[in-house]
Amino acid sequence: MLLRGVLLAVQVLQLAGALDLPSGSCAFEENTCGFDSVFEFLPWILNEEGHYVYVDTSFAKQGEKAVLLSSDLQAEEWSCLRLVYQITTSSGSPSDPSRLNLYMRFEDESFDRLLWSAKEPSDSWLIASLDLQNGSKKFKILVEGVIGQGNTDSIALFEIKMTTGYCIECDFEENHLCGFVNRWNPNVNWFVGGGNIRNSHSVLPQDHTFRSELGHYMYVDSVYVKHFQEVAQLISPRTTAPMSGCLSFYYQLQQGNDNIFSLYTRDVAGLYEEIWRVDNPGNAAWNLAEVEFNAPYPMEVIFEVAFNGPKGGYVALDDISFSPVHCQNQTDLPFSAMEASCNFEEDLCNFYQDKEGPGWTRVKVKPNMYRAGDHTTGSGYYLLANTKFTSQPGYIGRLYGPSLPGNLQYCLRFHYAIYGFLKMSDTLAVYIFEENHVVQEKIWSVLESPRGVWLQAEITFKKPMPTKVVFMSLCKSFWDCGLVALDDITVQLGSCWSPERLPPTPGECTFEQDECAFTQEKRNRSSWHRRRGETPTSYTGPKGDHTTGVGYYMYIEASHMVYGQKARLLSGALRGVSGKHCLTFFYHMYGAGTGLLSVYLKKEEDSEESLLWRRKGEQSISWLRALIEYSCERQHQLIFEAIRGVSIRSDIAIDDVKFQAGPCAEMEDTTQQSSGYSEDLNEIEY
């Protein structure tokens, strides 16, 4: 009777815990816990018997959305947001599947940030875990279900829970196991132990959390092992925010048994790295392990047990936790990738050259019709290996980057432009140097490509030892020397390409995939067009886009228009918030007959539009950056309007549009940027 009373008490406590969910959480048992369906979209329906909310094809058509919005939230401490969900569809793989999206809406931003997205159907519920870094800004969570083209599609949300702590932490007391999953093996697997679960083949321990039979833990047993080196893996949720510190956990294994208990990390490319292994079995009780854990980019933690036979005993695991304080009180500052990045606007940053002479020169060129400016703004600084003036056969100019710690994956991106060489091959190359300046490996070199265009290169690399990135410009012979330009070097932790890369936020558009949320009032030959490469008409338009040099941009084709004709490109609806907004974009206005490019602000329910910015006539052969600050507390749109000039040499292009909360960080040209529209606007009749 006493035991039965204890069990009943525990059940009551669990029910009370379910009712007392933390802010930003809901189990959808009786209501939606402060999550409300957004009126402009379809509602999420609460199942009659509780347990979940759903949207399906019984009342929703393809492409229709249901949006659930939380109340105001704040993550003053690091938090974990966990979703339990399921997407089902009719048989087959539709080209336009149903999708579940999760956004964060900050109070001072006019657009929502996409945190996570899923479209894979399943036969059972799945778990998504997302780390939320601590901050002082208030935000809301948006859950968006978009119905695909299947005839019987359904999206269900069983639980959403936001708790203080890290997503890789777990005491295994909840039935979803914090998103940890067992990699199934026919013979050995991780199981939930504790509670009423007992195994006749092993004397399994009490759990570590409660030190009783009521608690739970994970264990793997060798009793079913049939082959040498049978492996069981328990895989954590993938980290979604950079973290570095001490990972700790409790483990227990039978002494003297032939098993290997190890801890690995695995990145999105599937690369494993062992970070811990049992040296000695320890005592028969729970043993504490502390491991230095560094995850500057998304990683999974894998607890792996390998058995050499059926008498390998068992391994148990409990109470995984993480602290941003390093295990051994290390004082080393974490590496910042910003230290290895530079746009050369102020100086060479942390880059340097050989002492025997400057091969690279920091220059600023005022762009004109025949000479391109830098990549950063169109009118700033960049580096030039001016080998045409040195004219030395075998000339080499080396530019060294700062030291990069070993055993980390890096993504190196930079922009370069080549002028004058007859043969482009190897005129610019990138090497990895060891700390003692011994050449280790060439990781990239230029091939034949468009001349005089800023092109983007991106390289992913990882080396075990500390290294430096070195840019080399080479002049092979006296008769074949030219100019090599270099700008906007960035280094980021992680791979340049990720299979789970999210689409850009609604606040950014490079036009690489599509036109993002931009729309047009009409579409015909005289509209804005998405294009890559040169425009059809000579002596006007860009040679390539601003993003990569070989990507897409938006432009008007003047030969399809008449003098004074307009083309208007409208942004998606932007929420009104207090404070300043910053709009940045790049524009290209080259051609003797170039007309006008204007940006207008249109507030909701207002028929009038406010002019924010304007440029008139030919500006440069380069892409130029525009910075616009504005304020608007009502829902609004921004409109890019291009007007064709007096001749067909009047192509106008835009690229890399970005909306940001707060004032523009670099309003060095404030007067020009904010009042450029004060010129005489009547020179072109519209």
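What comes next concerns the included structure. As the structure is a computational prediction, the values presented were derived from the model and not from experiment. (Residues numbered from 1 in each chain as written. Predicted model: local features only at pLDDT ≥ 70, side-chain atom pairs only at ≥ 80, totals over all residues. Heavy atoms only, no water.)

Time to look at the sheet that holds strand 40 (residues 636–643). Strand order in the open sheet made by the five strands is 32-35-40-37-38, with antiparallel pairing throughout. Taken across any chain shown, the strands that pair with only one partner, and hence form the sheet edges, are strand 32 (519–520) and strand 38 (610–616). (Pairing = 2+ DSSP bridges. Helix = DSSP H or I, 4+ residues; strand = E, 2+ residues; numbered from the N terminus.)

This part is about the pairing of strand 18 (residues 287–295). Residues Asn287, Ala289, Val291, Phe293 and Ala295 point to one face of strand 18 and are all buried, whereas Leu288, Glu290, Glu292 and Asn294, pointing to the other face, are not buried. Here nine bridges tie strand 15 (residues 243–253) to strand 18, and the two strands are oriented antiparallel to one another. Residue pairing in the sheet places serine 244 in a bridge with asparagine 294 of strand 18. (Buried < 20%, exposed > 50% of the residue type's maximum accessible area, 1.4 Å probe, protein only.)

This model, assessed by the stated rule, comprises 19 salt bridges. When the shortest N-O distance is used, the salt bridge between aspartate 108 and lysine 137 registers 3.3 Å. Of the two residues, aspartate 108 is situated in the loop between strand 6 (99–106) and strand 7 (113–118) and lysine 137 in the loop between strand 8 (126–132) and strand 9 (139–146); the sequence distance between them amounts to 29 residues. Here aspartate 108 falls in the partly exposed class, since its relative accessible area comes to 30%. Residue glutamate 300 pairs with arginine 238 through a salt bridge whose shortest N-O separation is 3.8 Å. Of this pair, glutamate 300 sits in strand 19 (residues 299–307) while arginine 238 sits in the loop between strand 14 (230–235) and strand 15; the two residues are 62 residues apart in sequence, bridging distant segments of the chain. Classification of arginine 238 as partly exposed rests on a relative accessible area of 23%. (Salt bridge = Lys/Arg side-chain N within 4 Å of Asp/Glu carboxyl O.)

For the rest of this paragraph, the subject is the side chain of serine 79. In this structure, serine 79 sits in strand 5 (residues 79–88). Owing to a relative accessible area of 4%, serine 79 belongs among the buried residues under this scheme. Here the side chain of serine 79 touches glutamate 77 through a polar contact of 3.0 Å, landing on its backbone oxygen. Excluding anything up to four places from it in sequence, serine 79 contacts Leu130, Asp131, Leu132, Met162, Thr163, Thr164 and Gly165. (Polar contact = N/O pair within 3.5 Å; in protein donor to acceptor, adjacent residues only side chain to side chain. Contact = heavy atoms within 4.5 Å.)

Counting residues in hydrophobic clusters, the biggest one holds 39 residues, and the most contacted among them are Phe172, Trp190, Phe249, Phe261, Trp276, Phe303 and Leu317. Those elements that place two or more of their residues in this core are strand 13 (216–221), strand 14, strand 15, strand 16 (259–267), strand 18, strand 19 and strand 20 (314–323). Membership of the second largest hydrophobic core comes to 34 residues, among which are Ala340, Tyr416, Met424 and Val484. (Core = buried A, V, L, I, M, F, W, Y, C linked by side-chain atoms within 4.5 Å.)

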